[in-house]
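As a plain string of letters, each chain reads:
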Amino acid sequence: MLRWLGAVLILTGGLLARRTMIEGGRAAQRCRRELAAAFETMEAEVRLLLTPIPALLRGSYGAAADVFFARAAEAASDGAAPAEAWRSAAEALPLPEEERAALGAWGGRFGGDAESVCAALSLAAKSMRSRYDENEAQRPGQERLTSSICICISLFICVLML
């Protein structure tokens, strides 16, 4: 009886691991989508209204984007350089390391006249949108692979245990 209970617990653990991994990927996708939309909105506001970057950082763009921009604004108000402020704010995002590094590097490009700011925001939006589209196309296959691996490992351990 204890072996069957252990098998059920192991299978449940495998399913919870699967759910955690898939939710992590979905959180990264939501973050990419929010940041891409935020950069597009910011570009439009700079282009049409000549809104300064500090005022844009206080806007509402979505949960992950709002946290990112609030941290960047806070670090910038504490006297950090824009690139360093964006880099430190990007560390809290649920994105892979290379995407956080790229996002942090964009912070240094948002200076100068309105045209250069718009160009940097447009580049950031396109980059985030392309990464979102790439990962969205691969998501079903990745989720199937994650499910297969988690369930197979759980079943393998259960077979060894029984």
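On a predicted model such as this, the values are computed, not experimentally measured, just so you know.

Engineer: Any details on the overall build of the protein? Residues and values, ideally.
Structural biologist: Helix and strand content of the protein: 6 helices and 0 strands. Along the protein, helices (α) and strands (β) appear in the sequence α-α-α-α-α-α when read from the amino end. Here the C-alpha radius of gyration of the protein, 21 Å, is well above what a compact globule of 162 residues would show, namely 15 Å. Over its C-alpha atoms, taken along the principal directions, the protein stretches across nearly 70 × 35 × 25 Å.

Engineer: Pulling in residues and values, what's your account of a nonpolar patch on the surface?
Structural biologist: Taken together, Leu145, Ile149, Ile153, Phe156, Ile157 and Leu160 make up a surface patch of nonpolar side chains, about 610 Å² in accessible area. Mapped onto the secondary structure, Ile153 falls in helix H6 (residues 114-161). Judged by its relative accessible area of 48%, Ile153 falls in the partly exposed class.

Engineer: Give a detailed account of the nonpolar core, specifying residues and quantitative values.
Structural biologist: Judged by nonpolar contacts, the single largest core of 32 residues is most densely connected at Leu35, Phe39, Phe68, Phe69 and Phe110. Breaking this core down by element, the ones donating at least two residues are helix H1 (2-49), helix H2 (53-57), helix H3 (63-77), helix H4 (82-90), helix H5 (97-106) and H6. The leading source of residues in this core is H1, at 8 residues. Not counting residues within four places of it along the chain, the set of residues in contact with Phe68 comprises Leu35, Trp86, Ala89, Ala90, Leu93 and Leu103.

Engineer: Tell me about the pattern of salt bridges, residues and numbers included.
Structural biologist: Any two side chains of opposite charge can pair, so long as their charged atoms come close to each other. Considering all chains together, one arrives at 9 salt bridges under this definition. Here Glu43 and Arg47 are joined by a salt bridge, their closest N and O atoms 2.9 Å apart. With a gap of 4 residues between them, Glu43 and Arg47 both fall in helix H1, about one helical turn apart. Judged by relative accessible area, Glu43 falls into the buried class, the value being 16%. Of the residues examined, Arg47 reaches a relative accessible area of 43% and is grouped as partly exposed. With a closest N to O distance of 3.0 Å, Glu136 and Arg139 form a salt bridge. Here Arg139 and Glu136 lie together in helix H6, a separation of 3 residues that amounts to about one turn. Given a relative accessible area of 26%, Arg139 falls into the partly exposed group. It is possible to trace a salt-bridge network through shared partners that takes in Glu23, Arg26, Glu136, Arg139 and Glu143.

Engineer: Account for the packing of aromatic side chains, naming residues and giving values.
Structural biologist: Tallied over the entire structure, the rule returns 7 aromatic pairs. The interplanar angle of 70° and the centroid separation of 5.4 Å between the aromatic rings of Tyr61 and Phe69 together place this pair among those described as edge-to-face. Grouping residues by exposure puts Tyr61 and Phe69 together as buried. When the ring of Phe69 is compared with that of Trp86, the centres are 5.9 Å apart and the planes differ by 70°; the resulting orientation is edge-to-face.

The rules behind the values
- Residues numbered from 1 in each chain as written.
- Predicted model: local features only at pLDDT ≥ 70, side-chain atom pairs only at ≥ 80, totals over all residues.
- Heavy atoms only, no water.
- Helix = DSSP H or I, 4+ residues; strand = E, 2+ residues; numbered from the N terminus.
- Rg over C-alpha atoms; globule rule 2.2 N^0.38 Å.
- Patch = residues over 30% accessible without salt bridge, like charges linked within 9 Å, V, L, I, M, F, W, Y side chains within 5 Å.
- Areas by Shrake-Rupley, 256 points an atom, 1.4 Å probe, with all protein chains shown as cover.
- Salt bridge = Lys/Arg side-chain N within 4 Å of Asp/Glu carboxyl O.
- Buried < 20%, exposed > 50% of the residue type's maximum accessible area, 1.4 Å probe, protein only.
- Core = buried A, V, L, I, M, F, W, Y, C linked by side-chain atoms within 4.5 Å.
- Contact = heavy atoms within 4.5 Å.
- Phe/Tyr/Trp six-rings, centres within 6.5 Å; stacked < 30°, edge-to-face > 60°.

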